[in-house]
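Chain by chain, the residues:
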Amino acid sequence: MKETVLDVLMYLFENYQHGEFSDTDNQDTLRDELTAAGFPAEEVEHAFSWLDGLSENRQKPVHDGAGGAMRSLRMYAREELAKLSVECRGFLHNLEQLGILDSSSREVVIDRLMAFQEEIDLERVKWVCLLVLINQPDSEEAFEHMEDLVYYQGDYLH
């Protein structure tokens, strides 16, 4: 079975506390544990690079000129359109309309999705949203809603 970066990230999310897998001092131990669990070393390295990119994006909030979060229509670049299906883009739009994602977290989600080499499907989008929200300050409620969508296949249209 071909393990992907997302498989490694999902394993980390489900088996470790957030601080354990985002703490750079702990990453050598986690690398050893992940390779012992059967994940290819290359995918483990890509997963930690992906997490580093998530940490970098956490430091870059998106705001409008008035100091509040932007409320705008997202226009996708050609590369994003090629990688994110209509279903995935619609899901992100619905999450934003429901208040689960704001424009800043949406941009982080899109950035992290574009960082994947593998094909993006709706399940991957859900997991990336969950991983982004767990890393965003003051997003506990949004994280809980997203967790329900990931684990309980909630209907995001209502």
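The preceding data block contains the structure.
Residues numbered from 1 in each chain as written. Predicted model: local features only at pLDDT ≥ 70, side-chain atom pairs only at ≥ 80, totals over all residues. Heavy atoms only, no water.

A. Examining the overall build of the protein chain more closely. For the protein chain, the helix and strand inventory stands at nine helices and zero strands. When the helices and strands of the protein chain are placed in sequence order, the string is α-α-α-α-α-α-α-α-α. Buried residues in the protein chain amount to 43% of all 158 residues. Taking as baseline every contact in the protein chain between residues at least 6 positions apart, the subset at least 24 positions apart corresponds to 65%. Just so you have it, the protein chain exposes about 8,900 Å², and 48% of that area is on carbon and sulfur atoms. (Helix = DSSP H or I, 4+ residues; strand = E, 2+ residues; numbered from the N terminus. Buried < 20%, exposed > 50% of the residue type's maximum accessible area, 1.4 Å probe, protein only. Contact = heavy atoms within 4.5 Å. Areas by Shrake-Rupley, 256 points an atom, 1.4 Å probe, with all protein chains shown as cover.)

B. The arrangement of helix H9 (residues 140-152) in detail. The first and last C-alpha atoms of H9 sit 18 Å apart over 13 residues, in line with the 18 Å expected at 1.5 Å per residue. All of the buried residues in H9 are Ala-142, Phe-143, Met-146, Leu-149 and Val-150. Burial along H9 is one-sided: seen end-on, the buried residues are contained in an arc of 120 degrees. Exposed residues pointing more than 90 degrees away from the buried face of H9 are listed as Glu-140, Glu-141 and Tyr-152. The secondary structure elements touched by the buried residues of H9 are helix H1 (5-15), helix H6 (86-97) and helix H8 (122-134). (Expected span 1.5 Å × (residues − 1). Arc of directions from axis to C-beta.)

C. Focus on the environment of Leu-101. The residue Leu-101 is located in the loop between H6 and helix H7 (103-114) in this model. Sequence spacing of Leu-101 and Cys-129 is 28 residues, and the spatial spacing of their C-alpha atoms is 8.2 Å.

D. Layout of helix H3 (residues 27-36). When we look at burial in H3, the residues that qualify are Gln-27, Leu-30, Arg-31 and Leu-34. The buried side chains of H3 occupy one side of the element, clustering within an arc of 105 degrees when seen end-on. Turned more than 90 degrees off the buried face of H3, the exposed positions are Asp-28, Asp-32 and Ala-36. Positive backbone phi, at 105 degrees, marks Gly-38, one or two positions downstream of H3.

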